[in-house]
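Survey of secondary and tertiary structure
In case you want the letters, here they are:
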Amino acid sequence: MSSEPSPLSSSDFVDTFRALCGQLEELTAGLSDVEDWPGRQLQLIAEAGLLGWGLPAEFGGRAVSDATMLAAYESLAAACLTTTFVLTQRNAACQRITNSDNQDIKAELLPQLCAGDLFATVGISHLTTSRQHLAKPSVSAVETDTGFVLNGTVPWVTGAPSADYLVSGGTLADGRQVLLAVQASLAGVEVKTPMRLLALSASQTATVAFNDVLVPRHALLAGPVENVMRVRGGGAGSLTTSALAVGLTGGILNRLSHEAERRPDLFPIHRALETEWMRVKSDLFASATSSELVRQEANSLVLRAAQAYLAASKGAGFVIGHPAERAVREAMFFLVWSCPQPVVSAALREFACVID
């Protein structure tokens, strides 16, 4: 990981960041359904100056290390997982634009993204994991003299109804792929109704259909090339979701500690989970630890911590709206989102008590 100075080590910023996390925690209970888009929360993040993190200074950004970004994600997720998840998808789009060789599109979009005047998100799962078993690509791309025509559906697009730009792409007939900054207002871009999910419905994750969408060549970010998502990925990458799981666990353990203050029998439970959390957190920032192993550890821990919190909360925690029931649902998110098959297999083996 790079070694840029961390804003989190500045006393002035620490106060700002703590205040931001406190505000997000106060607001998180209001994010319960698809109508509850975290617009106010994203504005607070913009006001705190976080939208430019990891983006080039020439466009209004600020260089930070991968470790600093992961630490920020962890703390923000402890306060509000939904908002932080949306932020990661927005940042993934910004990173793909930043890593492009297309200087014109960077100069056009990045200053507005850093300032929070535009919202971008990613629709790339069909180029990496989702629907790869299908004989026909989920989104086809045809090259023309002026750009690329896209047809098909993008299955998982977080914040799609609010997006000004969608970093997405398609597959050409010869198997090569393109990655594009697709303006949401282009003719033929159709955002479907956001899905009601087990948790994080307020992220407004939706399917987006491309119906003969002509994306100008000016918006090309990468390709045509095979496996376009492997071209200059950059950033914290696969550790990001683990950071969110570690953060959610921290928030759960903080609430469980309040229960333990009233019930001494919970102290050993909280202490054991906290000890494991500190170890997994250490692994998250240890460059020698594989990202896949960290994800397995983080997934297992967040699921068990959430269930322990629910059990400790008894019947009150089973009522919709209680932090415990919310924690259980949110923990399930990590079983399905950007979850590599080895991590899924490890979870299934743990559930079935299958020991190697």
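The structure under discussion appears in the preceding block.
Described below are features of the structure shown in this document. Computed from a prediction, not measured in an experiment: that's the story for all the values here. (Residues numbered from 1 in each chain as written. Predicted model: local features only at pLDDT ≥ 70, side-chain atom pairs only at ≥ 80, totals over all residues. Heavy atoms only, no water.)

What the protein chain contains, in helices and strands, is 10 helices and 8 strands. For the protein chain, the C-alpha radius of gyration of 21 Å lies close to 21 Å, the compact-globule estimate for 356 residues. Nonlocal contacts in the protein chain, meaning residues at least 24 apart in sequence, comprise 74% of its contacts between residues at least 6 apart. For the protein chain, the exposed area adds up to about 16100 Å²; of that, 54% sits on carbon and sulfur atoms. Computed over 26 positive and 35 negative side-chain charges, the separation of the two mean positions in the protein chain equals 5 Å. (Helix = DSSP H or I, 4+ residues; strand = E, 2+ residues; numbered from the N terminus. Rg over C-alpha atoms; globule rule 2.2 N^0.38 Å. Contact = heavy atoms within 4.5 Å. Areas by Shrake-Rupley, 256 points an atom, 1.4 Å probe, with all protein chains shown as cover. Lys, Arg positive; Asp, Glu negative; His and termini not counted. Charge placed at Lys NZ, Arg CZ, Asp CG, Glu CD.)

Among the secondary structure elements, threonine 205 is positioned in the loop between β6 (189-191) and β7 (206-216). For threonine 205, the contacting residues outside a window of four places in its chain are Phe85, Trp156, Val157, Thr158, Gly159, Pro194, Met195 and Leu197.

Bringing the environment of serine 32 into the picture now. With respect to the helices and strands, serine 32 occurs in the loop between α1 (11-27) and α2 (39-47). Overall, serine 32 belongs to the exposed group, its relative accessible area being 52%. In the structure, serine 32 is positioned 171 residues away from serine 203 in sequence and 9.6 Å away in space, judged by C-alpha atoms. (Buried < 20%, exposed > 50% of the residue type's maximum accessible area, 1.4 Å probe, protein only.)

As paired strands, strand β3 (residues 147-157) and β7 are joined by 8 bridges and run antiparallel to one another. Following the sheet pairing, glycine 152 is matched in β7 by phenylalanine 210. In terms of strand pairing, β6 meets β7 through 3 bridges, oriented antiparallel. Looking across to β7, one finds that valine 189 is bridged to phenylalanine 210. (Pairing = 2+ DSSP bridges.)

Glancing now at the packing of helix α3 (residues 66-79) against helix α6 (residues 239-262). To describe two helices that pack against each other, one gives the angle between their axes and the distance between the axes. In contact at an axis separation of 7 Å, α3 and α6 are set at 40 degrees when each is read in the N-to-C sense. The angle between the axes of α3 and α6 places the two elements in the oblique class. Crossing handedness for the pair α3 and α6: right-handed. Facing α3, whose interface residues are Leu70, Tyr73, Glu74, Ala77 and Ala78, α6 presents Leu239, Thr240, Ala243, Leu244, Val246, Gly247, Leu248, Gly251 and Arg255. Here the contact of α3 with α6 is composed, by residue class, of 9 nonpolar, 3 polar and 2 charged. (Axes fitted to C-alpha atoms, helices over the stretch in contact; angles between N-to-C directions. Parallel < 35°, antiparallel > 145°, perpendicular 65-115°, else oblique. Left-handed = near helix turned anticlockwise from the far one by under 90°. Nonpolar A, V, L, I, M, F, W, Y, C, P; charged D, E, K, R; others polar.)

On inspection of all chains with the given rule, the structure shows 15 salt bridges. Arginine 217 is paired through a salt bridge with glutamate 143; the nearest N and O atoms lie 3.1 Å apart. Highlighted residues: arginine 217 in the loop between β7 and β8 (220-225) and glutamate 143 in strand β2 (residues 139-143), separated in sequence by 74 residues. We classify glutamate 143 as partly exposed; its relative accessible area is 39%. Close ionic contact of glutamate 330 with arginine 326 constitutes a salt bridge, the shortest N to O distance being 3.1 Å. Of this pair, glutamate 330 and arginine 326 are both found in helix α9 (residues 323-332), 4 residues apart, which corresponds to roughly one turn of the helix. The pair glutamate 330 / arginine 326 is uniform in exposure class, with both members buried. It is possible to trace a salt-bridge network through shared partners that takes in Glu276, Arg279, Asp283, Glu297, Arg304 and Glu350. (Salt bridge = Lys/Arg side-chain N within 4 Å of Asp/Glu carboxyl O.)

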